[in-house]
Structure formats: structure tokens, C-alpha cells
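Here are the chains, one letter per residue:
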Amino acid sequence: MSAPAEPFHGSKILILDFGSQYTQVIARRVRECQVYSQIVRYDTPAAELAGMGARGIILSGGPASVYAPNAPQPDPAIFDLGLPVLGICYGLQLMAHRLGGKVEAGERREYGPGTLQVEAADCALFQGLTEKLDIWNSHGDKLRQLPEGFRAVARSENSPYAVIEHPAKRLFGMQFHPEVAHTPRGREILQNFVYKVCGCATDWTMGSFIEQTCAEIRHTVGAEKVILGLSGGVDSSVAAMLLHQAIGEQLTCIFVNNGLLRENEAEAVQKLFGDNFHIKLKYVDASERFLEKLAGVTDPEQKRKIIGNEFVRVFERAAVELKADGHGGGHRFLAQGTLYPDVIESVSISGNPAALIKSHHNVGGLPDDMEFELLEPLRQLFKDEVRQVGSQLGLPKEVVQRQPFPGPGLAVRILGEVTEERLRILREADTIVVNEMKSSDWYYRVWQSFAVLLPVRSVGVMGDERTYENTVALRIVESQDGMTADWVRLPYELLARISGRICNEVKGVNRVCYDISSKPPSTIEWE
Ligand code: XMP
């Protein structure tokens, strides 16, 4: 199950990626139609595409101009496979250009909102929709002359060919982006394509995913045993539940306590997975070892390096013990919670065919000679799908909807040296933040909400006493994917309550600040 994702046995749409920032959004929209979608390189040979059992193909947008010397080009035979093809933006221009139409640089870039006027109401893509539709454009080139056999289906303010169709061959092109939220009825257009044009069935559900994947895991693993590094985060937790459902006792999870966890975290993971779900759990308390290595270290990069190295060492030792386990044979497979966005081959913007393949190591740098076979049961899934699978397998909301927590833990939230005492201060402050966010119903509405301990002491007053204590910063941000973020405009009353409780209840803190920086230019973690 490691290399390419196992094919899904159901309706499937292939998305050829020409480097659009929206390619993954298209894939997710199709999956929201309960139809499996898979992103493939733009230059995948037509014969290979034909062998993948898809019912239709979508050509993504892309930043290039079809006339640019390095413009990414698909195999021209994709238009003769007999499969429906929908070209979006650059995809439309490619299709038109390839099939004999004329594409020219537009006088001005059409960017932002626009209106679509549907003229051929019998076109399958617009069934059930109104004649006038709000759309979102983002393109420079535009189509001047239709290729043979095509007709104009809809026009926009500055293009008579905003949507085109070759009815006999079931080829469609649209200048705008149906996949983005700014095209309010884009979802229905895509639904019409996958259901009405391609004839897809709604068989991609998390229930069918669980069933198929469990069968595959059983088939791959046979009577062997599997190790999984469980961090308590969403991905590894869901992977654990899925593997446990598939192979039960053949799975052993390793949980490493690096001493940098939040209050009660180690206990909660053991209780949930061990006591509640009866998953075999090897608990390794390495906290002392981590803290010894971190003593005196203040440089953030060095902290990260130490923690990363230590983790690999501790995990490796635990894994080697399990691998060599004398009782009934050792462990042969190592499972990881790798997700789909980590394995998609991205197209570089210049159209350079040397594609950029993202590699992802959840465990990070385990030596090759450990000779585990890799198992990645979530590699077909987007994050929201992982959450759905987790819920279906019975994981509680606190796990499935939990906020991201960095691997190096509280160490990236303690600026300066990490000591037992500073960890205690941060843990207590963090617990207050989490509890207040939860009880005010804000916790699940934000991307992350946490406390940071600064290496700054300042003067305060408590009773009649002058104090000289630590400062805590609150970092509460909203974000889609962690790449960009903005600070949350939290109600003053809530901020006041959190600040008041931290100053009153956490010994060693006399000042709380609210971080009002966005990312960029700041980052989410302070480090
Ligand atoms: P920054 O601080 O770079 O963080 O804006 C972006 C997102 O990534 C998370 N983060 C990490 N997650 N291991 C992780 O698993 C890490 O080392 C790590 N560092 C940052 C951070 O919490 C935020 O959600």
C-alpha cells in the first residue's frame, strides 16, 4: 500500500494538474459529490489515463499561457479517449488550442467577480440552474474562435465563449472557476458534470472507504504485525483506529512522551486508546531524557533539532524492540498517517516537467536499514475526510476536531530555555486558555488558541507586594491551512477572563498580552 494509492473500486474522475492553485479544491469538490477524484500529472499518457478506470477527466487551470514556450501540454490523445473532458480556465484554452480554435491574450486580465449568461439552456452542465449566474474569473488569455464541432454555451462580460461544448464528444470548457466559493452555484455545475455527463454513482463515502481500506490492509498485512507512531493528533489517531478495525491485535502503537506535552495529554491518550478502545499501546516515557538534552539551549533551531533527533532515537529503539519481539514473530510493517496533499505530485509554476514530488516523513528520518515496509492507509484522503473517518470509527470530537499541535510540543511555545518550571507555567496557562475557549464555544471556531511563555519579566503589583514575573502571550488565530492566518477578534470579555485567570491562578505570571499579528509577516508559533 505504500507507493501509489490503491485504486478506489468505484466511479472516479481524474484531474490533470496544470499548476493551478485550485487543483486540490477541484478534487475536493468532486469528492463532496461522493465521487472519488484523483489528481494526476498533466502529461500522463492517454493510454495510462485510459487504464485508470475513470468516467471523466477535468483539466485544471494553470498560470501559463498556451502559447508560452514551456506551457504544460497534455497528451493530445486524451480528447479521443471517448471520456467526457471538462477544461477549466487554462484547461479550456488548452482544449480549444489543441482542437483548432484560436486563443489570444486578452486586452485586460479578467480577474474577480463576473456574470455568466447561459445561452444554450439545453447544455447538461446548466440543468436546474438559472440563465444568469455569478462567477469568479481569473485568466488573461481568452478564446477568439471556436474549434470545429464546438458551440458557445454561455457568455460573460468580455467573452462570447465563456463556456463551450462539443456535444457529440462530450468535451466542455469554461473560462471561470466553478470550484471556488465565489462561484456560488459552481458546485451544481460540477455535480452536473460528474453525475449527468459522466454518469458517476455516489459511491465515495467514508463508509465505503473504511470497508475497502480495511480489506486492503488485511490483504497486505496478512498474519504479520504493524507498528504505528501515535502522537494523539488527528492523523495518527485515525490511522490507529482504522488499522485496529482492520487487524486488531496485530497492531501495536508507540506513544512517546517527550516531556513537552500539554497537561494530562499522555494520560488522555493512554486512557482513550488503551483502556477505551483496547488498542495495544507501548508507552515510552522519555521526558527526562528530552529535558536533559534541552538544558541550557535557547536557540529555536537547535531546540527543534535536538527534539527531532531524540524522537527518532527513542522511537527507533522502541520499534527495534517490537521488530525483534520474540513472542509470535516481530513487526514487519510501519504505518504512518500520511495524507493525500502530502503525496500529490505538484506541477512547478514554470511548467517545468521535472515535477516536484513532496516527500513527507511523519516519523522523520528513520534509517533505511530498519527494513520496515511502509503502510499509509490515509494517503487517499484530505484532512476533512480523515476527520469524517475518525468520527465514523468512534473517535470523540475532542480528538477529531482538535487543533493542530506541533511535534516539538511546548518547546516551540517557550521562548528561551525549556525547564521543568517554565513547562509548569506554560502548561497551567495553556490549560486555562483551552478551558475558557471550550466553555465559551470558541475553541472549535478557531484554527489554534494557545499560550506562549516569553523570556520577558516585568514589574507588577499583587496586594501590597511588588512582583517581577513572567509574561504570557495569547496566540489565537483563524486559518484555512496554516499557511496564512489572522488573529481572531475575540470578545473583550473572554480575553479579560483568560487574562485575569492566568495572572491570578498561574504562579509566576503577572502580565498577559494578546498577539495581534497576522501571518505573514508573523508566524503562528513564536518559537
Ligand atoms: P507556523 O508557526 O510556521 O505554523 O506559522 C504553521 C502551522 O504548523 C504548525 N507547526 C508544526 N506542526 N510540527 C508540526 O506537526 C512542527 O514542527 C510544527 N511547527 C509548526 C503550527 O502549529 C501551525 O499550525
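Chemist: I would appreciate a short explanation of the site of the ligand in the present structure.
Modeler: Contacts to the ligand come from Arg304, Pro404, Pro406, Gly407, Pro408, Trp447, Gln448, Gly482, Lys519, Thr523, Ile524 and Glu525. At 2.8 Å, a side-chain N or O of Gln448 approaches an oxygen atom of the ligand. Between the ligand and Glu525 there is a distance of 2.5 Å, counted from an oxygen atom to a side-chain nitrogen or oxygen. For the ligand, the accessible surface in isolation is 500 Å², of which the surrounding protein chains cover 68%.

Chemist: Can you walk me through the side chain of His166 in this structure?
Modeler: Examined against the element boundaries, His166 turns out to sit in strand β8 (residues 159-166). Setting aside residues up to four positions removed in sequence, His166 forms contacts with Glu148, Gly149, Phe150 and Leu171.

Chemist: Which parts of the structure should I look at to understand the packing of aromatic side chains?
Modeler: Aromatic ring pairs are described here by two measures, namely the spacing of the ring centres and the angle between the planes. Within this structure, the stated rule accounts for 11 aromatic pairs. Judged by centre distance (4.7 Å) and plane angle (50 degrees), the rings of Tyr36 and Trp204 are tilted. Residue Tyr36 is located in strand β2 (residues 36-41), and its partner Trp204 is located in the loop between α4 (186-197) and α5 (206-221); the two are separated by 168 residues in the primary sequence. In this pair, the class of Tyr36 matches that of Trp204, namely buried.

Chemist: Is there a simple way to think about the packing of helix α8 (residues 287-294) against helix α9 (residues 300-323) in this case?
Modeler: When two helices pack together, their arrangement is given by the angle between the helix axes and by the axis-to-axis distance. Interaxial distance between α8 and α9 falls to 10 Å at its minimum, and their mutual angle equals 150 degrees. Our classification of the angle between α8 and α9 gives roughly antiparallel. Considering only the axes of α8 and α9, their crossing is right-handed. Along the contact surface, α8 presents Arg289, Phe290, Lys293 and Leu294, while α9 presents Lys303, Ile306, Ile307, Glu310, Phe311, Arg313, Val314 and Arg317. Residue classes in the contact of α8 with α9 are distributed as 6 nonpolar, no polar and 6 charged.

Chemist: Would you mind going over the pairing of strand β17 (residues 448-462) with me for this structure?
Modeler: A regular strand carries its side chains on alternate faces of the sheet. As defined by bridge partners, β17 adjoins strand β18 (residues 465-478) across 12 bridges and the pair is classed as antiparallel. By the bridge assignment, Phe450 is partnered in β18 with Arg475. Taken together, β17 and the strand that follows it, β18, pair antiparallel across an intervening segment of 2 residues, in which Gly463 is found at a positive phi of about 60 degrees.

Chemist: Any chance you could explain the pairing of strand β1 (residues 12-17) here in plain terms?
Modeler: Across the 6 residues that make up β1, a large majority, 6, are buried. A two-sided burial pattern is seen for β1, the buried positions comprising Lys12, Leu14 and Leu16 on one face and Ile13, Ile15 and Asp17 on the other. In the sheet, β1 pairs with β2 via 6 bridges, with the strands oriented parallel. Across the sheet, the residue bridging to Leu14 is Gln38, located in β2. The parallel pair β1 and β2 is bridged by helix α1 (residues 23-32), and the resulting crossover is right-handed. Here 4 bridges tie β1 to strand β3 (residues 56-59), and the two strands are oriented parallel to one another. Bridge assignment links Leu14 to a residue of β3, and that residue is Ile57.

Chemist: I keep staring at the domain arrangement of the protein chain and nothing clicks. Help me out?
Modeler: For interface size, the figure often reported is the accessible area lost on association. Taken domain by domain, the protein chain comprises domain 1 (10-197), domain 2 (206-400) and domain 3 (409-514). Relative to domain 2, the C-alpha centre of domain 1 lies at a distance of 38 Å.

Chemist: Explain the sheet that holds strand β16 (residues 373-375) to me, please; I cannot follow it from the model alone.
Modeler: The strands that make up a sheet are held in pairs by hydrogen bonds between backbone atoms, and each pair lies either parallel or antiparallel. Strand order across the open sheet formed by 5 strands is β12-β11-β10-β13-β16, with parallel pairing between neighbours. Every other strand in the sheet has two partners, leaving β12 (280-285) and β16 as the edge strands with one partner each. The mean inter-strand angle of the sheet, taken between neighbouring strand axes irrespective of direction, is 30 degrees. The pairing of strand β13 (residues 331-335) with β16 spans 3 bridges and is classified as parallel. Bridge pairing links Leu334 to Leu374 in β16. Against the sheet, α9 makes contact with β10 (225-229), β11 (251-257), β12 and β13, and its axis sits at roughly 150 degrees relative to β11, the strand it touches most.

Chemist: Is there a simple way to think about the packing of helix α13 (residues 420-439) against helix α14 (residues 492-505) in this case?
Modeler: For the pair α13 and α14, interaxial distance at closest approach is 10 Å and the crossing angle is 150 degrees. When the interaxial angle is binned, α13 and α14 end up roughly antiparallel. Here α13 and α14 pass one another in a crossing that is right-handed. For the pair α13 and α14, the contacting residues are Glu428, Ala429, Ile432, Val433, Glu436 and Met437 in the first and Leu494, Arg497, Ile498, Arg501, Ile502 and Glu505 in the second. The class makeup of the residues in the contact of α13 with α14 is 7 nonpolar, no polar and 5 charged.

Cut-offs applied
- Residues numbered from 1 in each chain as written.
- Predicted model: local features only at pLDDT ≥ 70, side-chain atom pairs only at ≥ 80, totals over all residues.
- Heavy atoms only, no water.
- Near = heavy atom within 4 Å.
- Polar contact = N/O pair within 3.5 Å; in protein donor to acceptor, adjacent residues only side chain to side chain.
- Areas by Shrake-Rupley, 256 points an atom, 1.4 Å probe, with all protein chains shown as cover.
- Helix = DSSP H or I, 4+ residues; strand = E, 2+ residues; numbered from the N terminus.
- Contact = heavy atoms within 4.5 Å.
- Phe/Tyr/Trp six-rings, centres within 6.5 Å; stacked < 30°, edge-to-face > 60°.
- Buried < 20%, exposed > 50% of the residue type's maximum accessible area, 1.4 Å probe, protein only.
- Axes fitted to C-alpha atoms, helices over the stretch in contact; angles between N-to-C directions.
- Parallel < 35°, antiparallel > 145°, perpendicular 65-115°, else oblique.
- Left-handed = near helix turned anticlockwise from the far one by under 90°.
- Nonpolar A, V, L, I, M, F, W, Y, C, P; charged D, E, K, R; others polar.
- Pairing = 2+ DSSP bridges.
- Right-handed = clockwise from strand over helix to strand, strands pointing away.
- Domains from an automatic or database assignment.

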